[in-house]
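Listed below are the residues making up each chain.
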Amino acid sequence: MFRFLVLGAIAGGMALTLGSPSASAGNATLRKGAESVSIACRNSGCRVTIFKPGAAPRTRTSAGGTPNFRKLVARYRSRGFR
């Protein structure tokens, strides 16, 4: 009985770990002085939110996926965000 419980737990854990990477492309928060940029990407789309002090947050959307997430992070890092 114990063997079946252990095997069931291992199989369930593998199903969770194998299923989750496809749902998320990436998340990042970059800062430059008092400004910050939040990038939240899924395979269905990316949302970039720009926070500036004293102003309302601005949100932009773009195509999703891991390659686009990497491009967005590189774009904002080239602008001085870390």
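On a predicted model such as this, the values are computed, not experimentally measured, just so you know.

About the criteria used
Residues numbered from 1 in each chain as written. Predicted model: local features only at pLDDT ≥ 70, side-chain atom pairs only at ≥ 80, totals over all residues. Heavy atoms only, no water. Helix = DSSP H or I, 4+ residues; strand = E, 2+ residues; numbered from the N terminus. Buried < 20%, exposed > 50% of the residue type's maximum accessible area, 1.4 Å probe, protein only. Contact = heavy atoms within 4.5 Å. Areas by Shrake-Rupley, 256 points an atom, 1.4 Å probe, with all protein chains shown as cover. Expected span 1.5 Å × (residues − 1). Arc of directions from axis to C-beta. Pairing = 2+ DSSP bridges. Axes fitted to C-alpha atoms, helices over the stretch in contact; angles between N-to-C directions.

Participant: Looking at this structure, I do not really get the overall build of the protein chain. What am I missing?
Facilitator: The secondary structure content of the protein chain amounts to two helices and four strands. In the protein chain, the succession of helices and strands from N to C terminus is α-β-β-β-β-α. Burial statistics for the protein chain: of 82 residues in total, 24% are counted as buried. Put simply, 30% of the contacts in the protein chain that link residues at least 6 apart link residues at least 24 apart. Surface exposure of the protein chain reaches about 5,900 Å², of which carbon and sulfur atoms provide 60%.

Participant: Help me understand helix α2 (residues 66–78) in this model?
Facilitator: Residues spaced three or four apart along an α-helix face the same direction, because each turn holds 3.6 residues. In a regular helix each residue adds 1.5 Å, so 13 residues correspond to 18 Å; α2 covers 18 Å between its end C-alpha atoms and thus fits that length. Taken together, the buried positions of α2 are occupied by N68, F69, L72, V73 and Y76. The buried residues of α2 all sit within an arc of 140° when viewed along its axis, so they share a single face. In α2, those exposed residues whose orientation departs by more than 90 degrees from the buried face are P67, R70, K71 and S78. Of the surrounding elements, those touching the buried residues of α2 are β1 (24–32), β2 (35–42), β3 (45–51) and β4 (58–62). Looking one or two residues beyond α2, the residue adopting positive phi is G80, at roughly 100°.

Participant: Teacher, can you tell me more about the sheet that holds β3 here?
Facilitator: Strand-to-strand pairing in sheets goes through backbone hydrogen bonds, with the strands running parallel or antiparallel. Taken in spatial order, the four strands line up as β1-β2-β3-β4 in an open sheet, and their pairing is antiparallel. The open sheet terminates on both sides in strands that have one partner only, identified here as β1 and β4. Adjacent strand axes in the sheet meet at a mean angle of 10° when their direction is disregarded. Sheet topology places β3 next to β4; five bridges connect them, and they run antiparallel.

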